[in-house]
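Now for the letters of each chain:
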Amino acid sequence: MKIVQLTPGTGTFYCGSCLRDHTLVKAMRRLGHDVLLAPLYLPMVLDELLDEPVQPLRFGGVNVFLQQASVLFSRTPRWFDNMLDSTLLLRVLARFADMTSASQHGEMAISMLRGADGRQGKELDKLIEQIKALGRVDVVKLSNVLLIGAVARLRDELGVPVVCTLHGEEGFIDALPDPCRAQVWDLLQQHASDVNAFVAVSQYYADRMVQRLALSRDMVHVVHNGIAIDEYPGGGRVASDGVDDRAATAQEEPPTIGFLARMHPGKGLHTLVNAYLIIRASERVPNVRLRIAGAKTHGDAAYVRDLARRMRGHDVEFEPNISRERKIEWLRDIDVLSVPALGEAFGLYVLEAWAAGVPVVGPRDGALVELLEKTGAGMLCAPDDSSMLAKAIESLLCDRKRARALGECGRRAVLEHFNADRMAQGVSDVCERCLTNSK
């Protein structure tokens, strides 16, 4: 099959959707499919190169913004639009403006969901023109449900089925201001039937979006996320064969808690910080330390700065926007990972920790319940409760043999169930079924 994967970029930081789609495209190519990755809005920030260049940017963020601001920009010449789609310009603007913030994009989200009737109709025309220039295409795949306003035009103009991933959009939409939030949900329900099939990254999120989008269950297929585990050499103080690779010194090294996600209130970083302070105060885990890594945007700076000021002198380190190589090295130096986010659709950080042999502790909420029930590779506690989170993390730090055993359960689970090839096969099956049904 020839598939076009449309994925919004971030311009400046790694995000779970970009990394997942990047891994998916590479794995589907290994299956023999011709898959083209095309960024929307902002350039994609990838932690490694694809086998061939990513397609040129479409739906450039500056053009989309200007067309939303004034109808005059719907009539600008192509050379002017191309100038505004400059990768360098978009990266610079993304660095100093929070171009992925939900609170600022209510009206634009509504316009985009109106498709050809929205203010960005010219950008949709250009997108279709660019896809047609690629030759015969079998399936168009969308990275998230906020793109489905374009589906009717894509299907009519290209004559192909459209498949859409469901992956964490709920939090973004619910952060929109009123009355935009309600209008977005209404438009999503109106356009959901245009999509041939949805791929949810967890059963939890499939159930959530079936309810919120009023979908029939046979439209939604669950395909868990997967990662390329061979890049994680059994880190996290556990060797890939289950033997402690630093047995002589592991007990002497400071017990370390890790956080690996966007440094944002929605990921529960403040909850973990409170739990860490409780653990420090109890003095049952001597020399405990906290290491915080992951994406940090311009809009996150004040939040992170406040936390860093509060944690001064408590052996806490912040390491924003780390590379893949540094991330794998970082995972080798922690004992437990905790990202106490609520309503998480999946969380790639869970798989990354498990691939490195690190157990996960988090709230009994969202997809983490589903993942831990399947693997047993960590512990659950009451949601949004720093005291219970501290108790669960502390129990593993005081029993590092158990922590290593749970981490190895996670590594085996990624090898068997949550690898990139298995994810690619699941998505390929959905695309092939849609293609067959559309003929």
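Not measured: the values here are computed from a predicted model.

A. View of the pairing of strand S6 (residues 197–200). Here S6 shows a buried face lined by Ala197 and Val199 and a second buried face lined by Phe198 and Ala200. The pairing of strand S5 (residues 162–166) with S6 spans 4 bridges and is classified as parallel. From the neighbouring strand, valine 163 faces S6, where its bridge partner is alanine 197. Here 3 bridges tie S6 to strand S7 (residues 220–222), and the two strands are oriented parallel to one another. Opposite valine 199, over in S7, you have histidine 221 as the bridge partner. In this view, the connection linking S6 to its parallel neighbour S7 by way of helix H10 (residues 203–212) has right-handed handedness.

B. Examining the pattern of salt bridges more closely. By the definition in use, this model includes 25 salt bridges. The residue arginine 153 makes a salt bridge to glutamate 157 at a minimum N-O spacing of 3.6 Å. Remark: glutamate 157 and arginine 153 occur in helix H7 (residues 151–158); sequence separation between them is 4 residues, near one turn of the helix. Assessed through its relative accessible area of 35%, glutamate 157 is described here as partly exposed. In this structure, arginine 284 and glutamate 394 form a salt bridge, with 2.9 Å as the shortest nitrogen-oxygen distance. Residue arginine 284 is located in the loop between helix H11 (269–282) and strand S9 (289–294), and its partner glutamate 394 is located in helix H16 (residues 386–397); the two are separated by 110 residues in the primary sequence. On the basis of relative accessibility, which here comes to 56%, the residue arginine 284 falls in the exposed class.

C. Structural view of the nonpolar core. If you look at the biggest cluster of nonpolar residues, it comprises 125 residues, and the most contacted ones within it are Leu142, Leu154, Phe198, Leu337 and Trp354. Top element by residues in this core is helix H14 (residues 348–355). It accounts for 7 residues. With sequence-adjacent residues up to four places away left out, leucine 154 is seen in contact with Leu127, Ile128, Ile131, Val140, Leu142, Gly159 and Val162. With 24 residues, the next largest nonpolar core counts Ile3, Phe13, Val163 and Cys434 among its residues.

D. Structural view of the pairing of S9. Most of S9 sits inside the fold, with 6 of its 6 residues counted as buried. Bridge analysis of strand S8 (residues 256–260) against S9 gives 5 bridges, and the strand direction is parallel. When the sheet's bridge partners are listed, threonine 256 is paired in S9 with arginine 289. The β-α-β motif built from S8, the intervening H11 and the parallel element S9 has right-handed crossover chirality. Handedness of the crossover is the feature at issue here: the chain leaves S9, passes through helix H12 (residues 301–310), returns alongside strand S10 (residues 316–320), and the resulting connection is right-handed.

E. Local environment of the sheet that holds S6. Taken together, 7 strands build an open sheet; the order of strands is S3-S2-S1-S4-S5-S6-S7 and the sheet is parallel. Each edge of the open sheet is held by one strand with a lone partner, namely strand S3 (58–60) and S7. Strand-to-strand twist of the sheet, defined as the mean angle between neighbouring strand axes without regard to direction, takes the value 20 degrees. Here helix H1 (residues 16–30) sits on the sheet in contact with strand S1 (2–8), strand S2 (34–41), strand S4 (139–142) and S5, set at roughly 165 degrees to S1.

F. Main features of the packing of H14 against helix H17 (residues 400–416). Where H14 meets H17, the axes come as close as 7 Å, and the angle between the chain directions of the two elements is 110 degrees. In terms of their interaxial angle, H14 and H17 are classed as roughly perpendicular. Taken together, the residues of H17 that come into contact with H14 (itself represented by Leu351, Trp354 and Ala355) are Gly407, Gly410, Arg411 and Val414. Across the contact of H14 with H17, the residue classes break down as 4 nonpolar, 2 polar and 1 charged.

G. Region of interest: the environment of arginine 422. Summarising the element assignment, arginine 422 is placed in helix H18 (residues 420–438). Accessibility expressed as a relative area gives 46% for arginine 422, which makes it partly exposed. The residues contacting arginine 422, other than those within four sequence positions of it, are Glu416 and His417.

H. Examining helix H9 (residues 180–191) more closely. Taking 1.5 Å of rise per residue, the 12 residues of H9 would be expected to cover 16 Å, and the 16 Å separating its terminal C-alpha atoms lies within 8% of that figure. Where H9 is concerned, the buried positions are Cys180, Val184, Trp185, Leu187, Leu188 and His191. Burial along H9 is one-sided: seen end-on, the buried residues are contained in an arc of 165 degrees. Its buried side turned inward, H9 meets helix H5 (106–113), helix H8 (169–174) and H10.

I. Molecular detail of helix H2 (residues 61–69). Taken across its 9 residues, H2 has 7 buried, putting it largely inside the fold. Restricting attention to buried positions, one finds in H2 the residues Gly61, Val62, Asn63, Val64, Leu66, Gln67 and Gln68.

J. Expanded view of unusual backbone geometry. Note the cis peptide between aspartate 178 and proline 179, where omega equals 0 degrees. Looking at the element boundaries, proline 179 is found in the loop between H8 and H9. A positive phi angle is found at glutamate 283, which is not glycine, with a value near 60 degrees. In this fold, glutamate 283 is placed in the loop between H11 and S9. Of the residues examined, glutamate 283 reaches a relative accessible area of 65% and is grouped as exposed. You will see that asparagine 321, though not glycine, has its phi angle at about 50 degrees, which is positive. Relative to the helices and strands, asparagine 321 is located in the loop between S10 and helix H13 (324–331). On the accessibility criterion, asparagine 321 (31% relative accessible area) is partly exposed.

K. Broad picture of the environment of valine 71. If you trace the backbone, valine 71 turns up in the loop between H2 and helix H3 (78–84). With a relative accessible area of 48%, valine 71 lands in the partly exposed category. Distance in space between the C-alpha atoms of valine 71 and arginine 119 is 7.2 Å, their sequence separation being 48 residues.

Parameters and conventions
- Residues numbered from 1 in each chain as written.
- Predicted model: local features only at pLDDT ≥ 70, side-chain atom pairs only at ≥ 80, totals over all residues.
- Heavy atoms only, no water.
- Buried < 20%, exposed > 50% of the residue type's maximum accessible area, 1.4 Å probe, protein only.
- Helix = DSSP H or I, 4+ residues; strand = E, 2+ residues; numbered from the N terminus.
- Pairing = 2+ DSSP bridges.
- Right-handed = clockwise from strand over helix to strand, strands pointing away.
- Salt bridge = Lys/Arg side-chain N within 4 Å of Asp/Glu carboxyl O.
- Core = buried A, V, L, I, M, F, W, Y, C linked by side-chain atoms within 4.5 Å.
- Contact = heavy atoms within 4.5 Å.
- Axes fitted to C-alpha atoms, helices over the stretch in contact; angles between N-to-C directions.
- Parallel < 35°, antiparallel > 145°, perpendicular 65-115°, else oblique.
- Nonpolar A, V, L, I, M, F, W, Y, C, P; charged D, E, K, R; others polar.
- Expected span 1.5 Å × (residues − 1).
- Arc of directions from axis to C-beta.

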